[in-house]
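# Inside the fold
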Amino acid sequence: IWPSAGIITSPFGKRVDPFSGVEAEHRGIDLRNRPGGNVVASEQGTVINTAPGSRHGENQVVVRNHDGTTSIYSHTKPGVPEGQRVNAGDSLGETDRSGRSTGPHLHYGIMDKSGKYIDPVTRLPRR
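Bear in mind that the values here come from a model prediction, so they are computed numbers and not experimental data.

Conventions adopted
Residues numbered from 1 in each chain as written. Predicted model: local features only at pLDDT ≥ 70, side-chain atom pairs only at ≥ 80, totals over all residues. Heavy atoms only, no water. Helix = DSSP H or I, 4+ residues; strand = E, 2+ residues; numbered from the N terminus. Core = buried A, V, L, I, M, F, W, Y, C linked by side-chain atoms within 4.5 Å. Buried < 20%, exposed > 50% of the residue type's maximum accessible area, 1.4 Å probe, protein only. Pairing = 2+ DSSP bridges. Axes fitted to C-alpha atoms, helices over the stretch in contact; angles between N-to-C directions. Phe/Tyr/Trp six-rings, centres within 6.5 Å; stacked < 30°, edge-to-face > 60°. Lys, Arg positive; Asp, Glu negative; His and termini not counted. Salt bridge = Lys/Arg side-chain N within 4 Å of Asp/Glu carboxyl O. Polar contact = N/O pair within 3.5 Å; in protein donor to acceptor, adjacent residues only side chain to side chain. Contact = heavy atoms within 4.5 Å.

## Some remarks on unusual backbone geometry
A positive phi angle is found at histidine 75, which is not glycine, with a value near 60 degrees. Turning to its location among the elements, histidine 75 is positioned in the loop between β8 (70-74) and β9 (76-78).

Put into structure tokens, the structure is as follows:
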């Protein structure tokens, strides 16, 4: 399940960082959405973190998926407590403009079991 409405405004991989102007690795996809847009779990799992992200200070919800991968929903105002089990499609919170952001959107990333970021689009259904 796609975690948020909206179009992809920044894909996974190398891009020019909008703040530094330097090419950098973008470890997820950005989905443009309005402030307060619904963010849902893309897979079944357990919420393991709802604290601000350490990298850029954004609000986030982190879910350990049923298969051991981890989904990171950044720039998300949490609406679920840590420890809550979620199914695909369950609401996790709302999009906001926290931390290092050029506008309201969801930054959605996935880490495999070894902690390596993978392209989330490879795990999502075609739109």
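## Brief notes about the nonpolar core
Grouped together as the largest cluster of nonpolar side chains are 16 residues, with contacts concentrated most on Val47, Val61, Val63, Tyr73, Leu92 and Tyr108. Elements supplying a minimum of two residues to this core: β4 (29-32), β7 (60-65) and β12 (105-111).

## Topic: the sheet that holds β9
Spatially, β5-β11-β9 is the arrangement adopted by the three strands of the open sheet, whose pairing is antiparallel. Looking at strand neighbours, the two that pair on one side only are β5 (38-40) and β9, the edges of this open sheet. Direction aside, neighbouring strands of the sheet carry axes that sit 45 degrees apart on average. In this structure, β9 lies alongside strand β11 (residues 91-95), joined through three bridges in antiparallel fashion.

## Quick look at the packing of aromatic side chains
Throughout the structure, instances matching the rule amount to one aromatic pair. Taken together, a centroid distance of 5.2 Å and an interplanar angle of 40 degrees make the contact between tyrosine 73 and tyrosine 108 tilted. Within this pair, whereas tyrosine 73 is found in strand β8, its partner tyrosine 108 is found in strand β12, the two being separated by 35 residues in sequence. For the pair shown, tyrosine 73 and tyrosine 108 are each scored as buried.

## Digging into the side chain of aspartate 96
With respect to the secondary-structure elements, aspartate 96 resides in the loop between β11 and β12. Buried charge without a salt bridge: aspartate 96, with lysine 77 as the nearest opposite-charge side chain at an N-O distance of 7.3 Å. A distance of 2.9 Å separates a polar atom in the side chain of aspartate 96 from a polar atom in the side chain of asparagine 59. When residues no more than four places from it in sequence are discounted, the contact partners of aspartate 96 are Asn59, His75, Thr76, Lys77, Pro104 and His105.

## Examining the pairing of strand β6 (residues 45-49)
The side chains of a regular strand alternate between both faces of the sheet. Inspection of the sheet shows β6 paired to β7 by four bridges, in the antiparallel sense. Within the sheet, the bridge partner assigned to valine 47 lies in β7 and is valine 63.

## Topic: the pattern of salt bridges
Pairs can form between side chains of opposite charge once their charged atoms are near each other. As enumerated under the stated definition, the model contains three salt bridges in all. For the salt bridge of lysine 14 with glutamate 25, the shortest nitrogen-to-oxygen distance reads 3.6 Å. Placement of lysine 14 in strand β2 (residues 13-16) and of glutamate 25 in strand β3 (residues 23-26) is noted, with a sequence separation of 11 residues between them. Owing to a relative accessible area of 61%, lysine 14 belongs among the exposed residues under this scheme. In this structure, glutamate 43 and arginine 123 form a salt bridge, with 2.7 Å as the shortest nitrogen-oxygen distance. Pair noted here: glutamate 43 is in the loop between β5 and β6 and arginine 123 is in the segment after β13 (117-118), with a separation of 80 residues, a long-range link. Here the salt bridges share partners, and the residues they tie into one network are Glu43, Asp67 and Arg123.

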